[in-house]
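What follows is the residue order along each chain.
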Amino acid sequence: MARVVVNVMPKAEILDPQGQAVLRALGRIGVEGVTDVRQGKRFEIEVSDAISDEELRRVAETLLANTVIEDFEVVR
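Source: prediction; values computed, not measured.

> Could you give me a rundown of the overall build of the protein, with the residues and numbers involved?
Within the protein, the regular secondary structure consists of two helices and three strands. Listing every helix and strand of the protein by position from the N terminus yields β-α-β-α-β. Over its C-alpha atoms the protein spans a radius of gyration of 16 Å, topping by over 25% the 11 Å that the globule rule assigns to 76 residues. Along the first, second and third principal axes, the C-alpha atoms of the protein reach 50 × 25 × 15 Å. A total of 76 residues make up the protein; the buried ones form 22% of that total. A separation of at least 24 residues holds for 70% of the contacts in the protein among residues at least 6 apart in sequence. Of the side chains in the protein, 10 bear a positive and 14 a negative charge, and the two mean positions are spaced by 5 Å.

> Quick rundown of helix H1 (residues 17-28)? Include the residues and the values.
Under the 1.5 Å per step criterion, the end-to-end length of H1 is 17 Å for 12 residues, consistent within 8% with the ideal 16 Å. Directly after H1, the chain includes Gly30, whose backbone phi takes a positive value near 90°.

> Go over the sheet that holds strand E2 (residues 41-47), please, and point to the residues and values.
Spatially, E2-E1-E3 is the arrangement adopted by the three strands of the open sheet, whose pairing is antiparallel. A single partner strand is all that each edge strand has here, and the edge strands are E2 and strand E3 (70-75). In this sheet, adjacent strand axes meet at a mean angle of 20° when their direction is disregarded.

Conventions adopted
Residues numbered from 1 in each chain as written. Predicted model: local features only at pLDDT ≥ 70, side-chain atom pairs only at ≥ 80, totals over all residues. Heavy atoms only, no water. Helix = DSSP H or I, 4+ residues; strand = E, 2+ residues; numbered from the N terminus. Rg over C-alpha atoms; globule rule 2.2 N^0.38 Å. Buried < 20%, exposed > 50% of the residue type's maximum accessible area, 1.4 Å probe, protein only. Contact = heavy atoms within 4.5 Å. Lys, Arg positive; Asp, Glu negative; His and termini not counted. Charge placed at Lys NZ, Arg CZ, Asp CG, Glu CD. Expected span 1.5 Å × (residues − 1). Pairing = 2+ DSSP bridges. Axes fitted to C-alpha atoms, helices over the stretch in contact; angles between N-to-C directions.

Any functional reading would require information that these geometric values do not contain.
Next comes the structure, spelled out in structure tokens:
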């Protein structure tokens, strides 16, 4: 068994209202020096060692990420 992580983030050209809300909140609580925040998703998946990288990629792009507006990374 192994743990695989899939990180999903909005594409750079997509507006991220949740990230912007966090950025504004940081200013309100007095945190300085943060210039941008992007909010994404992290999935941790327990898999058998036999699952292929291609199968993991298929899971990520068909189920976990909306590839029109999100990029993803599979970390084994």
